Amino acid sequence: MSNTAGQVIKCKAAVSWEAGKPLVIEEVEVAPPQANEVRIKILFTSLCHTDVYFWEAKGQKPAFPRIFGHEAAGVVESVGEGVTDLKPGDTVLPVFTGECKECRHCKSEESNMCDLLRINTDRTVMLSDGKSRFIAKGKPIHHFLGTSTFSEYTVAHIGSVAKIDPAAPLDKVCVLSCGISTGLGAAINVAKPKKGSSVAVFGLGAVGLAAAEGARISGAARIIGVDMNPSRFEQAKKFGVTEFVNPKDHDKPVQEVIAEMTDGGVDRSIECTGSIAAMISAFECVHDGWGVAVLVGVPNRDDSFKTHPMNLLNERTLKGTFFGNFKPRTDLPRLVEKYVNKELDLQLEKFITHEVSFSDINKAFDYMLKGEGLRCIIRMGA
Ligand code: NAD
Ligand code: ZN
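Residues numbered from 1 in each chain as written. Chains lettered and ligands numbered in written order. Predicted model: local features only at pLDDT ≥ 70, side-chain atom pairs only at ≥ 80, totals over all residues. Heavy atoms only, no water.

A. Representation of the sheet that holds strand S12 (residues 243-245). Strand order in this open sheet of 6 strands is S12-S11-S10-S13-S14-S15, and the pairing throughout is parallel. Unpaired on one side and paired on the other, S12 and strand S15 (317-320) mark the two borders of the sheet. Taken over all neighbouring pairs, the strand axes of this sheet differ in orientation by 20 degrees on average, direction set aside. Summarising the sheet, strand S11 (residues 222-226) and S12 pair through 3 bridges and their orientation is parallel. Within S12, the position partnered with Val 226 by the bridge is Val 245. (Pairing = 2+ DSSP bridges. Helix = DSSP H or I, 4+ residues; strand = E, 2+ residues; numbered from the N terminus. Axes fitted to C-alpha atoms, helices over the stretch in contact; angles between N-to-C directions.)

Written out as C-alpha coordinates, the structure is:
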(Lines give C-alpha, C1' and ligand atoms only; values in the text may rest on other atoms or scores of the structure.)
(Ligands and ions follow the chains in the order given, each with its own letter.)
Protein backbone atom coordinates (compact mmCIF):
# COMPACT_ATOMS: atom_id res chain seq x y z
CA MET A 1 0.00 0.00 0.00
CA SER A 2 1.15 3.56 -0.66
CA ASN A 3 1.75 5.86 2.28
CA THR A 4 -1.37 7.82 1.39
CA ALA A 5 -3.60 4.70 1.66
CA GLY A 6 -6.48 5.19 4.07
CA GLN A 7 -5.92 8.95 4.19
CA VAL A 8 -7.62 11.91 2.60
CA ILE A 9 -5.51 13.16 -0.33
CA LYS A 10 -5.38 16.88 -1.10
CA CYS A 11 -4.84 17.49 -4.81
CA LYS A 12 -5.99 19.61 -7.73
CA ALA A 13 -9.24 19.10 -9.60
CA ALA A 14 -11.02 21.10 -12.29
CA VAL A 15 -14.38 21.90 -10.73
CA SER A 16 -17.38 22.95 -12.80
CA TRP A 17 -19.30 25.26 -10.44
CA GLU A 18 -21.88 26.43 -12.97
CA ALA A 19 -23.26 25.25 -16.32
CA GLY A 20 -21.24 26.54 -19.26
CA LYS A 21 -18.77 28.52 -17.11
CA PRO A 22 -15.02 27.81 -17.30
CA LEU A 23 -13.82 25.08 -14.96
CA VAL A 24 -11.83 26.27 -11.94
CA ILE A 25 -8.73 24.44 -10.71
CA GLU A 26 -9.35 23.99 -6.98
CA GLU A 27 -7.68 22.17 -4.15
CA VAL A 28 -9.95 19.20 -3.39
CA GLU A 29 -9.95 16.57 -0.67
CA VAL A 30 -10.35 13.08 -2.06
CA ALA A 31 -11.60 10.53 0.51
CA PRO A 32 -10.09 7.03 0.63
CA PRO A 33 -11.85 4.31 -1.39
CA GLN A 34 -14.60 2.35 0.38
CA ALA A 35 -15.57 -1.31 -0.14
CA ASN A 36 -15.24 -2.38 -3.80
CA GLU A 37 -13.68 0.94 -4.77
CA VAL A 38 -10.22 2.07 -5.82
CA ARG A 39 -8.55 5.46 -5.73
CA ILE A 40 -6.75 6.23 -8.99
CA LYS A 41 -3.97 8.69 -9.75
CA ILE A 42 -5.06 10.07 -13.12
CA LEU A 43 -2.10 10.69 -15.46
CA PHE A 44 -3.89 11.64 -18.68
CA THR A 45 -7.46 12.52 -19.46
CA SER A 46 -9.11 13.78 -22.63
CA LEU A 47 -12.30 15.59 -23.45
CA CYS A 48 -15.26 13.81 -25.05
CA HIS A 49 -18.37 15.60 -26.30
CA THR A 50 -20.43 13.88 -23.58
CA ASP A 51 -18.56 15.93 -20.93
CA VAL A 52 -19.38 19.08 -22.90
CA TYR A 53 -23.14 18.28 -23.09
CA PHE A 54 -23.40 17.79 -19.36
CA TRP A 55 -21.26 20.85 -18.64
CA GLU A 56 -23.63 22.83 -20.93
CA ALA A 57 -26.50 21.22 -18.93
CA LYS A 58 -28.09 19.81 -22.10
CA GLY A 59 -28.00 16.31 -20.61
CA GLN A 60 -30.62 14.56 -18.49
CA LYS A 61 -30.35 16.06 -15.02
CA PRO A 62 -27.91 18.93 -14.51
CA ALA A 63 -25.93 18.75 -11.25
CA PHE A 64 -23.38 21.31 -10.08
CA PRO A 65 -20.75 21.68 -8.72
CA ARG A 66 -19.39 18.64 -10.51
CA ILE A 67 -16.09 17.12 -11.55
CA PHE A 68 -16.49 15.96 -15.15
CA GLY A 69 -14.19 13.71 -17.19
CA HIS A 70 -14.49 10.07 -18.21
CA GLU A 71 -11.86 9.39 -20.89
CA ALA A 72 -8.63 8.79 -18.99
CA ALA A 73 -5.74 6.58 -17.92
CA GLY A 74 -3.98 6.26 -14.58
CA VAL A 75 -2.52 4.10 -11.86
CA VAL A 76 -4.23 2.63 -8.78
CA GLU A 77 -3.06 4.47 -5.65
CA SER A 78 -4.97 2.44 -3.03
CA VAL A 79 -7.85 -0.02 -2.81
CA GLY A 80 -10.86 -0.32 -0.51
CA GLU A 81 -12.05 -3.27 1.55
CA GLY A 82 -12.68 -6.52 -0.30
CA VAL A 83 -10.82 -5.51 -3.48
CA THR A 84 -8.79 -8.44 -4.79
CA ASP A 85 -8.71 -7.90 -8.57
CA LEU A 86 -6.77 -4.64 -8.41
CA LYS A 87 -3.78 -3.51 -6.39
CA PRO A 88 -1.80 -0.30 -5.95
CA GLY A 89 0.41 0.31 -8.98
CA ASP A 90 -1.93 -1.35 -11.50
CA THR A 91 -2.32 0.53 -14.77
CA VAL A 92 -5.99 1.21 -15.46
CA LEU A 93 -8.56 2.87 -17.68
CA PRO A 94 -11.71 4.08 -15.89
CA VAL A 95 -14.85 3.52 -17.98
CA PHE A 96 -18.17 5.40 -17.88
CA THR A 97 -20.20 2.20 -18.08
CA GLY A 98 -19.26 -0.69 -15.81
CA GLU A 99 -19.30 -4.47 -15.70
CA CYS A 100 -20.12 -6.25 -12.43
CA LYS A 101 -19.58 -9.67 -14.09
CA GLU A 102 -22.50 -11.10 -12.04
CA CYS A 103 -25.77 -9.82 -13.51
CA ARG A 104 -27.79 -11.18 -16.44
CA HIS A 105 -26.42 -8.50 -18.75
CA CYS A 106 -22.81 -9.21 -17.84
CA LYS A 107 -23.44 -12.93 -18.34
CA SER A 108 -25.14 -12.34 -21.70
CA GLU A 109 -22.98 -12.30 -24.81
CA GLU A 110 -25.26 -9.71 -26.35
CA SER A 111 -25.29 -6.95 -23.76
CA ASN A 112 -22.94 -4.58 -21.97
CA MET A 113 -25.81 -2.93 -20.05
CA CYS A 114 -24.73 -4.09 -16.57
CA ASP A 115 -27.62 -3.92 -14.07
CA LEU A 116 -25.44 -2.40 -11.37
CA LEU A 117 -22.99 -0.17 -13.23
CA ARG A 118 -24.42 0.71 -16.64
CA ILE A 119 -24.02 4.36 -17.61
CA ASN A 120 -26.07 6.53 -15.27
CA THR A 121 -25.73 10.22 -15.97
CA ASP A 122 -28.06 11.13 -13.07
CA ARG A 123 -25.98 9.41 -10.39
CA THR A 124 -23.72 11.96 -8.73
CA VAL A 125 -22.51 9.99 -5.69
CA MET A 126 -20.81 6.66 -5.01
CA LEU A 127 -22.99 3.55 -5.04
CA SER A 128 -21.90 2.02 -1.74
CA ASP A 129 -22.93 4.85 0.61
CA GLY A 130 -24.62 7.47 -1.55
CA LYS A 131 -21.87 9.98 -0.74
CA SER A 132 -19.34 11.98 -2.71
CA ARG A 133 -15.62 11.30 -2.26
CA PHE A 134 -14.72 14.90 -3.19
CA ILE A 135 -14.82 18.07 -1.07
CA ALA A 136 -13.83 21.52 -2.37
CA LYS A 137 -14.23 24.77 -0.42
CA GLY A 138 -15.97 22.74 2.31
CA LYS A 139 -18.68 21.46 -0.08
CA PRO A 140 -19.23 17.96 -1.46
CA ILE A 141 -18.73 17.91 -5.24
CA HIS A 142 -20.86 15.74 -7.52
CA HIS A 143 -19.31 12.83 -9.38
CA PHE A 144 -19.83 12.27 -13.13
CA LEU A 145 -20.32 8.85 -14.77
CA GLY A 146 -18.58 7.15 -11.83
CA THR A 147 -15.23 8.37 -13.18
CA SER A 148 -14.70 12.16 -12.59
CA THR A 149 -11.28 12.12 -14.18
CA PHE A 150 -10.69 15.90 -14.25
CA SER A 151 -8.97 15.42 -10.89
CA GLU A 152 -5.42 14.34 -10.03
CA TYR A 153 -7.00 11.60 -7.89
CA THR A 154 -10.44 10.06 -8.25
CA VAL A 155 -12.39 7.19 -6.71
CA ALA A 156 -14.22 4.60 -8.83
CA HIS A 157 -16.13 1.36 -8.31
CA ILE A 158 -13.94 -1.60 -9.30
CA GLY A 159 -16.56 -2.60 -11.89
CA SER A 160 -15.86 0.67 -13.75
CA VAL A 161 -12.12 0.11 -13.99
CA ALA A 162 -10.29 -1.93 -16.66
CA LYS A 163 -6.82 -3.20 -15.75
CA ILE A 164 -4.54 -2.93 -18.78
CA ASP A 165 -1.05 -3.89 -19.92
CA PRO A 166 1.43 -1.67 -17.99
CA ALA A 167 3.49 -1.36 -21.19
CA ALA A 168 0.67 0.49 -22.98
CA PRO A 169 1.42 4.19 -23.69
CA LEU A 170 -1.11 5.87 -21.40
CA ASP A 171 -1.06 9.19 -23.26
CA LYS A 172 -2.44 7.29 -26.29
CA VAL A 173 -4.62 4.48 -24.90
CA CYS A 174 -6.44 6.97 -22.71
CA VAL A 175 -8.69 7.68 -25.75
CA LEU A 176 -9.71 4.00 -25.80
CA SER A 177 -11.51 4.42 -22.49
CA CYS A 178 -14.41 6.10 -24.29
CA GLY A 179 -14.52 7.68 -27.76
CA ILE A 180 -12.37 5.46 -29.92
CA SER A 181 -13.65 2.16 -28.51
CA THR A 182 -17.20 3.47 -28.81
CA GLY A 183 -16.90 4.36 -32.51
CA LEU A 184 -14.88 1.28 -33.38
CA GLY A 185 -17.29 -1.04 -31.53
CA ALA A 186 -20.36 0.66 -33.04
CA ALA A 187 -18.99 -0.41 -36.42
CA ILE A 188 -17.44 -3.82 -35.79
CA ASN A 189 -19.72 -5.10 -33.00
CA VAL A 190 -23.05 -3.48 -33.84
CA ALA A 191 -23.34 -2.29 -37.46
CA LYS A 192 -21.16 -5.19 -38.70
CA PRO A 193 -20.79 -4.01 -42.30
CA LYS A 194 -20.04 -6.75 -44.82
CA LYS A 195 -17.03 -6.73 -47.12
CA GLY A 196 -17.61 -4.48 -50.11
CA SER A 197 -20.61 -2.74 -48.50
CA SER A 198 -21.45 0.97 -48.11
CA VAL A 199 -21.48 2.78 -44.76
CA ALA A 200 -22.53 6.35 -43.94
CA VAL A 201 -20.95 7.94 -40.86
CA PHE A 202 -22.73 11.01 -39.48
CA GLY A 203 -20.39 13.27 -37.47
CA LEU A 204 -16.66 13.20 -38.18
CA GLY A 205 -15.35 13.92 -34.69
CA ALA A 206 -13.22 11.31 -32.92
CA VAL A 207 -16.14 8.93 -32.33
CA GLY A 208 -17.33 9.09 -35.95
CA LEU A 209 -13.82 8.69 -37.36
CA ALA A 210 -13.28 5.67 -35.11
CA ALA A 211 -16.51 4.27 -36.57
CA ALA A 212 -15.10 4.95 -40.06
CA GLU A 213 -11.93 3.07 -39.07
CA GLY A 214 -14.12 0.19 -37.86
CA ALA A 215 -15.98 0.18 -41.18
CA ARG A 216 -12.66 0.21 -43.08
CA ILE A 217 -11.27 -2.67 -40.95
CA SER A 218 -14.52 -4.61 -41.63
CA GLY A 219 -13.92 -4.25 -45.37
CA ALA A 220 -16.54 -1.63 -46.32
CA ALA A 221 -15.86 -0.34 -49.84
CA ARG A 222 -17.63 3.03 -49.61
CA ILE A 223 -17.52 5.11 -46.46
CA ILE A 224 -19.58 8.28 -46.79
CA GLY A 225 -18.77 10.93 -44.18
CA VAL A 226 -21.50 13.42 -43.30
CA ASP A 227 -20.72 16.60 -41.36
CA MET A 228 -21.84 20.24 -41.31
CA ASN A 229 -18.32 21.42 -40.58
CA PRO A 230 -16.39 21.33 -43.90
CA SER A 231 -13.04 21.52 -42.11
CA ARG A 232 -13.67 17.92 -41.01
CA PHE A 233 -13.40 16.51 -44.52
CA GLU A 234 -9.67 16.90 -45.13
CA GLN A 235 -8.88 15.22 -41.81
CA ALA A 236 -11.38 12.41 -42.45
CA LYS A 237 -9.49 11.26 -45.56
CA LYS A 238 -6.86 9.80 -43.21
CA PHE A 239 -9.53 7.58 -41.65
CA GLY A 240 -10.74 5.72 -44.70
CA VAL A 241 -13.66 8.03 -45.51
CA THR A 242 -14.08 7.88 -49.29
CA GLU A 243 -16.85 10.44 -49.96
CA PHE A 244 -18.21 13.50 -48.21
CA VAL A 245 -21.59 15.10 -47.85
CA ASN A 246 -22.28 18.42 -46.16
CA PRO A 247 -26.05 18.64 -45.56
CA LYS A 248 -25.73 22.44 -45.87
CA ASP A 249 -24.70 22.10 -49.54
CA HIS A 250 -28.04 20.56 -50.55
CA ASP A 251 -31.59 21.83 -50.71
CA LYS A 252 -33.10 18.43 -49.96
CA PRO A 253 -32.81 16.20 -46.89
CA VAL A 254 -29.41 14.50 -46.61
CA GLN A 255 -31.06 11.06 -46.53
CA GLU A 256 -32.33 11.70 -50.07
CA VAL A 257 -28.87 12.81 -51.21
CA ILE A 258 -27.36 9.59 -49.83
CA ALA A 259 -30.12 7.42 -51.35
CA GLU A 260 -29.33 8.95 -54.78
CA MET A 261 -25.60 8.34 -54.34
CA THR A 262 -26.12 4.68 -53.40
CA ASP A 263 -28.99 3.39 -55.52
CA GLY A 264 -31.56 3.46 -52.73
CA GLY A 265 -29.54 3.79 -49.52
CA VAL A 266 -26.44 2.67 -47.68
CA ASP A 267 -26.10 -0.82 -46.21
CA ARG A 268 -25.18 0.58 -42.77
CA SER A 269 -25.13 3.98 -41.11
CA ILE A 270 -23.57 5.07 -37.85
CA GLU A 271 -24.63 8.33 -36.20
CA CYS A 272 -22.01 10.03 -34.02
CA THR A 273 -23.29 13.61 -33.68
CA GLY A 274 -25.78 13.90 -30.79
CA SER A 275 -28.11 15.83 -33.17
CA ILE A 276 -31.64 14.42 -33.30
CA ALA A 277 -32.00 15.53 -36.94
CA ALA A 278 -28.86 13.58 -37.86
CA MET A 279 -30.18 10.52 -35.96
CA ILE A 280 -33.37 10.54 -38.04
CA SER A 281 -31.44 11.09 -41.31
CA ALA A 282 -29.04 8.29 -40.38
CA PHE A 283 -31.96 5.92 -40.00
CA GLU A 284 -33.81 7.03 -43.10
CA CYS A 285 -30.71 6.83 -45.35
CA VAL A 286 -30.25 3.06 -44.98
CA HIS A 287 -31.47 0.77 -47.74
CA ASP A 288 -34.84 -0.91 -47.26
CA GLY A 289 -34.79 -4.69 -46.97
CA TRP A 290 -31.47 -4.93 -45.12
CA GLY A 291 -30.16 -1.54 -43.95
CA VAL A 292 -29.09 -1.14 -40.33
CA ALA A 293 -28.62 2.23 -38.59
CA VAL A 294 -26.74 2.54 -35.29
CA LEU A 295 -27.18 5.56 -33.00
CA VAL A 296 -24.22 6.55 -30.84
CA GLY A 297 -24.63 10.30 -30.18
CA VAL A 298 -25.99 11.38 -26.81
CA PRO A 299 -29.26 13.30 -27.36
CA ASN A 300 -30.42 16.44 -25.60
CA ARG A 301 -32.83 16.13 -22.68
CA ASP A 302 -36.06 16.88 -24.58
CA ASP A 303 -35.32 15.16 -27.89
CA SER A 304 -37.66 12.56 -29.37
CA PHE A 305 -37.09 10.38 -32.42
CA LYS A 306 -39.77 10.72 -35.11
CA THR A 307 -40.00 8.70 -38.30
CA HIS A 308 -42.84 7.10 -40.24
CA PRO A 309 -43.36 3.47 -39.10
CA MET A 310 -43.35 2.46 -42.77
CA ASN A 311 -39.59 3.08 -42.73
CA LEU A 312 -39.33 0.19 -40.26
CA LEU A 313 -41.95 -2.02 -41.96
CA ASN A 314 -39.83 -1.74 -45.09
CA GLU A 315 -37.24 -3.80 -43.22
CA ARG A 316 -34.81 -1.23 -41.97
CA THR A 317 -33.31 -1.84 -38.53
CA LEU A 318 -32.61 0.83 -35.92
CA LYS A 319 -30.11 0.13 -33.13
CA GLY A 320 -28.19 2.08 -30.53
CA THR A 321 -25.16 1.42 -28.40
CA PHE A 322 -23.11 2.59 -25.48
CA PHE A 323 -19.38 1.96 -25.59
CA GLY A 324 -19.73 0.14 -28.91
CA ASN A 325 -21.17 -2.88 -27.07
CA PHE A 326 -17.74 -3.65 -25.58
CA LYS A 327 -17.74 -5.06 -22.05
CA PRO A 328 -15.33 -2.70 -20.34
CA ARG A 329 -13.46 -5.09 -18.03
CA THR A 330 -13.49 -8.10 -20.34
CA ASP A 331 -12.97 -6.53 -23.77
CA LEU A 332 -11.03 -3.31 -23.16
CA PRO A 333 -7.82 -4.97 -21.86
CA ARG A 334 -7.85 -7.17 -25.00
CA LEU A 335 -8.36 -4.17 -27.25
CA VAL A 336 -5.40 -2.39 -25.58
CA GLU A 337 -3.34 -5.57 -26.02
CA LYS A 338 -4.21 -5.72 -29.72
CA TYR A 339 -3.17 -2.07 -30.09
CA VAL A 340 0.12 -2.64 -28.22
CA ASN A 341 0.92 -5.79 -30.25
CA LYS A 342 -0.12 -4.04 -33.50
CA GLU A 343 -2.64 -6.83 -34.22
CA LEU A 344 -5.20 -4.15 -35.00
CA ASP A 345 -4.43 -1.39 -37.50
CA LEU A 346 -5.49 1.37 -35.12
CA GLN A 347 -3.36 4.49 -35.16
CA LEU A 348 -4.48 6.23 -31.99
CA GLU A 349 -2.08 9.13 -32.56
CA LYS A 350 -4.17 10.20 -35.56
CA PHE A 351 -7.02 11.02 -33.18
CA ILE A 352 -4.86 13.11 -30.85
CA THR A 353 -4.65 16.56 -32.38
CA HIS A 354 -4.00 18.70 -29.28
CA GLU A 355 -2.36 18.41 -25.90
CA VAL A 356 -2.64 20.85 -22.98
CA SER A 357 -1.48 20.97 -19.37
CA PHE A 358 -4.10 20.46 -16.65
CA SER A 359 -4.09 24.16 -15.81
CA ASP A 360 -5.19 24.85 -19.42
CA ILE A 361 -8.10 22.40 -19.40
CA ASN A 362 -10.54 25.10 -20.54
CA LYS A 363 -8.65 25.28 -23.86
CA ALA A 364 -9.74 21.69 -24.55
CA PHE A 365 -13.37 22.86 -24.21
CA ASP A 366 -12.70 25.75 -26.62
CA TYR A 367 -11.25 23.40 -29.25
CA MET A 368 -14.27 21.08 -29.06
CA LEU A 369 -16.81 23.91 -29.11
CA LYS A 370 -15.13 25.39 -32.20
CA GLY A 371 -14.97 21.94 -33.87
CA GLU A 372 -11.17 22.20 -34.06
CA GLY A 373 -9.27 18.94 -33.99
CA LEU A 374 -10.34 15.59 -32.58
CA ARG A 375 -9.08 14.62 -29.15
CA CYS A 376 -7.17 16.94 -26.81
CA ILE A 377 -5.05 15.13 -24.25
CA ILE A 378 -4.91 16.84 -20.86
CA ARG A 379 -1.66 16.08 -19.07
CA MET A 380 -2.23 15.95 -15.31
CA GLY A 381 0.19 17.36 -12.79
CA ALA A 382 1.47 19.93 -15.26
P1 NAD B 1 -17.34 15.88 -31.65
O2 NAD B 1 -17.97 17.16 -31.23
O3 NAD B 1 -15.87 15.80 -31.69
O4 NAD B 1 -17.89 15.44 -33.10
C5 NAD B 1 -19.24 15.57 -33.46
C6 NAD B 1 -19.29 15.94 -34.95
O7 NAD B 1 -20.67 15.93 -35.39
C8 NAD B 1 -18.76 17.34 -35.27
O9 NAD B 1 -17.78 17.26 -36.29
C10 NAD B 1 -20.00 18.11 -35.72
O11 NAD B 1 -19.70 19.10 -36.71
C12 NAD B 1 -20.86 16.99 -36.28
N13 NAD B 1 -22.30 17.30 -36.34
C14 NAD B 1 -23.06 17.91 -35.41
N15 NAD B 1 -24.34 17.99 -35.83
C16 NAD B 1 -24.38 17.41 -37.05
C17 NAD B 1 -25.42 17.17 -37.99
N18 NAD B 1 -26.68 17.55 -37.75
N19 NAD B 1 -25.10 16.54 -39.14
C20 NAD B 1 -23.84 16.14 -39.41
N21 NAD B 1 -22.81 16.34 -38.53
C22 NAD B 1 -23.08 16.97 -37.38
O23 NAD B 1 -17.95 14.77 -30.66
P24 NAD B 1 -17.41 13.29 -30.28
O25 NAD B 1 -16.62 13.38 -29.02
O26 NAD B 1 -16.86 12.64 -31.48
O27 NAD B 1 -18.80 12.60 -29.87
C28 NAD B 1 -19.80 12.36 -30.84
C29 NAD B 1 -21.11 11.98 -30.16
O30 NAD B 1 -20.98 10.70 -29.54
C31 NAD B 1 -21.53 12.92 -29.03
O32 NAD B 1 -22.95 13.02 -29.07
C33 NAD B 1 -21.10 12.18 -27.78
O34 NAD B 1 -21.83 12.58 -26.64
C35 NAD B 1 -21.44 10.76 -28.19
N36 NAD B 1 -20.78 9.67 -27.47
C37 NAD B 1 -21.53 8.55 -27.25
C38 NAD B 1 -20.98 7.45 -26.64
C39 NAD B 1 -21.76 6.19 -26.47
O40 NAD B 1 -21.27 5.27 -25.79
N41 NAD B 1 -22.94 6.08 -27.05
C42 NAD B 1 -19.64 7.51 -26.22
C43 NAD B 1 -18.89 8.65 -26.51
C44 NAD B 1 -19.47 9.73 -27.12
ZN1 ZN C 1 -17.16 9.81 -23.88
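B. Looking closely at the sheet that holds strand S2 (residues 24-30). A sheet is described by the order of its strands in space; here 4 strands give the open sequence S1-S2-S6-S7, paired in antiparallel fashion. Only two strands of the sheet have a single neighbouring strand rather than two, namely strand S1 (9-15) and strand S7 (139-140). Where S1 meets S2, 7 bridges bridge the pair, whose relative direction is antiparallel. Counted as the bridge partner of Lys 12 is Glu 27 from S2.

C. Here's a closer look at the site of ligand 1. Neighbouring ligand 1 are 30 residues; His 49, Thr 50, Asp 227, Arg 232 and Phe 323 lie closest to it. In this structure, Tyr 53 approaches ligand 1 through a side-chain N or O atom, which is 3.5 Å from an oxygen atom. Breaking the shell around ligand 1 down by element, the ones donating at least two residues are helix H1 (49-55) and helix H5 (206-218). Classifying every residue of the shell around ligand 1 gives 16 nonpolar, 11 polar and 3 charged. (Near = heavy atom within 4 Å. Polar contact = N/O pair within 3.5 Å; in protein donor to acceptor, adjacent residues only side chain to side chain. Nonpolar A, V, L, I, M, F, W, Y, C, P; charged D, E, K, R; others polar.)

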